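Read off the chains here:
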Amino acid sequence: MIHTESLTKRFKETLAVDGLSLDIHEGEVFGFLGPNGAGKTTTVRMLTSLVGPTSGSANVAGFTLGQRDTDIRRTVGVLTETPGMYDNLSAEYNLQIFANLYEVKNGPEQVEKYLKMLDLYDRRFDAAGTFSKGMKQKLAIARALLHEPKVIFLDEPTAGLDPEAAHLIRDFIAELKKEGRTIFLCTHNLDEADRLCDRIGVFKTRMLVVDTPANLRTSVFGRKVVFHLRTVDEKLVGAVRAMPFVREVKAVDNKLLITLEDPESHNPEIVRVLVGAGADVQFVGELRHSLEDVYLQLVKAA
Amino acid sequence: MKKINTILRKEWAEVFKNRMVIFVVAFLPILMTAIPLGILFSTRDTTSASSASMSGINSETTQGMCPEGLSGSDCFQVFMISEFMMMFMIIPVAIPVTIAAYSIVGEKSTRSLEPLLATPITTAELLVGKCLAAVIPGVLATYGAFGIFAFGSWILVANKMLLTALLDARWLIAIFIVGPLLAVMAVVFSLMVSSRVNDPRVAEQVSMVIILPVLVGFFGQIAGLFVLNKVVISWVALVMLLLDAVLVFLATKVFQREQILTRWK
Ligand SMILES: Nc1ncnc2c1ncn2[C@@H]1O[C@H](COP(=O)(O)OP(=O)(O)O)[C@@H](O)[C@H]1O
Ligand SMILES: [Mg+2]
């Protein structure tokens, strides 16, 4: 659905996006993670043919960037980073304008559908300027969906919203995912990315890593298993360390933190060895790294 | 065409909610009609000699432009009123400039430009829509004001000969051809200024310099530097047409999507 090759954008002195190569499949929710100034918005603008790349190429929804730009704009929906409304005009009229510009055949029905879906129908005659931040964001999302785009770009959709509004929008994105749309989600909310995205790309001017959230955790930190014992001593640590599949062992209080490739097949063996060495095993559990740890580790290193 | 129409309606819906815009659009034509009609009314009995000497105007200047068969006082009226033709030309400049300034700067301050540019609209459609939204009210107000002026003078003047002198080809070319051309020029100019400025009032004031040539024409004629006859006006119209064509061409070159998005800040 989205394919890019060495996509690069330079603004005078700043290199905003450096050689981005990417493949996003139909129906996938792709999380585009990166700190402020990483080049996320610039990437979205390139892929929605709002700014031209300095070099490299891309294909969005089957159309080549730079050749079929109008078709790209017709086919994709975008929630821009700062989605302004015509504040003096009603919510309904705001949407009607965009239904017309997107050449939506059944404009009024689509406007009604999305006003209802996003719970704005009762306020449809009110000026958009009177809306709360959360309502404006919902209206902006509605505006981006009127033409039923196959590919949707969302640039930090929950940034600056209160937790309740953010939650509502996340649920709505999950709905869009169920409908099988391809979603390109820029965010620096890691929890959001973890819950919604099939794959995540961590990006800072260049792509640092792309993988599923689960794989990202293990590839960066390995998988860790924690064994709670009644007491821990050097002999037990040594016994575990001697096993060939154990990458690392750390003793913290009465716990052993063991890094493994494949806990499912190796845990029983470790338990046997520990019991054989005289330990009392109280609990065994997996230590999950938050995506935040992964992200911070990657971005710091870059 | 449908998209231009959408932009046009949207612009009007937004911009006519602004008090400053309503004020300029309504007040200016009223003022510009009331002044010449007032003059016509107050000078209807005066004699040529006394008024002319009062205003310090050389009667030779006035003589040249009067058709045969008009008395001295009628001729003076014709002269005074034709001076104000230039004032009429302020309408098709000031109204489009004001509307364009508020529309562009408004679009920038609400940050609604990027979603707009993300739609399949072409930049030409967007610019034409925005320009027409400013030009049309300016031109209509000019025509309207001229209509009222023509009707008012028809009621006020006793000698209907005077009317044919007032509403001659110079007026008609000025109102119906130079007016719209001025409006287009003003709007493209305002577009360029507004894209660089963040306060609509500043944009409006800076863009108003485009009125200067009009005022030069006005005061130049009053001072007797030149006479704006039919030929001169036609030349002015022709030059303006060329200027407009160049300006519009430049605008479509300068205002590419990326430029609008990244430079209009
Ligand atoms: N129009 C522009 N002109 C110059 N520099 C820009 C422009 N847009 C973005 N940049 C720069 O490009 C970099 C990436 O910005 P951006 O894409 O907005 O990052 P993000 O969305 O990840 O926060 C930043 O250093 C920013 O200053
Ligand atoms: Mg951004």
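Look up: the structure comes first, before these words.
Residues numbered from 1 in each chain as written. Chains lettered and ligands numbered in written order. Predicted model: local features only at pLDDT ≥ 70, side-chain atom pairs only at ≥ 80, totals over all residues. Heavy atoms only, no water.

1. Points about the interface of chain A and chain B
- Each partner contributes residues to the interface: chain A has 27 residues there, and chain B has 25 residues.
- Summing both partners gives a buried area of about 2500 Å² for chain A against chain B, and 60% of it is carried by carbon and sulfur.
- Where chain A meets chain B, there are three salt bridges.
- Put simply, glutamate 103 of chain A and lysine 3 of chain B hold a salt bridge, and the shortest N to O gap is 2.5 Å.
- For the pair chain A and chain B, the number of links is nine residue pairs in polar contact (both at pLDDT 80 or more).
- With five residues, the single largest contributor to the side of chain A that touches chain B is helix H3 (residues 91-101) of chain A.
- The residue inventory of the side of chain A that touches chain B, partitioned by class, reads twelve nonpolar, eight polar and seven charged. (Contact = heavy atoms within 4.5 Å. Buried area = accessible area lost by both parts, 1.4 Å probe. Salt bridge = Lys/Arg side-chain N within 4 Å of Asp/Glu carboxyl O. Polar contact = N/O pair within 3.5 Å; in protein donor to acceptor, adjacent residues only side chain to side chain. Helix = DSSP H or I, 4+ residues; strand = E, 2+ residues; numbered from the N terminus. Nonpolar A, V, L, I, M, F, W, Y, C, P; charged D, E, K, R; others polar.)

2. With respect to the side chain of serine 207 of chain B
Residues and elements named next belong to chain B.
- Within the fold, serine 207 resides in helix H11 (residues 200-207).
- For serine 207, a relative accessible area of 0% translates into the label buried.
- Residues within four places of serine 207 in sequence aside, it is in contact with Val97, Phe189, Ser190 and Val193. (Buried < 20%, exposed > 50% of the residue type's maximum accessible area, 1.4 Å probe, protein only.)

3. Quick word on the coordination of the magnesium ion (ligand 2)
Residues and elements named next belong to chain A.
- All of the protein donors around the magnesium ion (ligand 2) are Thr41 (OG1) and Glu81 (OE); their distances to the metal are 2.0 to 2.5 Å. With threonine 41 in helix H1 (residues 40-47) and glutamate 81 in the loop between strand S6 (76-79) and H3, this pair connects stretches of sequence that are 40 residues apart.
- Here glutamate 81 falls in the partly exposed class, since its relative accessible area comes to 38%. (Donors = N, O, S within 2.8 Å, 3.2 Å for Na, K, Ca; no water.)

4. Examining the sheet that holds strand S14 (residues 281-287) of chain A
Residues and elements named next belong to chain A.
- Read across the open sheet, the four strands follow the order S12-S13-S11-S14; overall the sheet is antiparallel. If you trace the sheet from one side to the other, it starts and ends with strand S12 (246-252) and S14, each paired once. Looking at each pair of strands side by side, their axes are set apart by 20° on average, direction ignored.
- Where S12 meets strand S13 (residues 255-260), six bridges bridge the pair, whose relative direction is antiparallel. Its bridge partner lying in S13, glutamate 248 is registered against threonine 259.
- Strand contacts of helix H9 (residues 234-241): strand S11 (223-229), S12 and S13, with the helix running at about 165° to S12, the strand carrying the most contacts.
- Running over the sheet, helix H10 (residues 263-276) touches S11, S12, S13 and S14 and is turned about 25° from S11. (Pairing = 2+ DSSP bridges. Axes fitted to C-alpha atoms, helices over the stretch in contact; angles between N-to-C directions.)

By themselves, these figures tell us nothing about what the structure is for.
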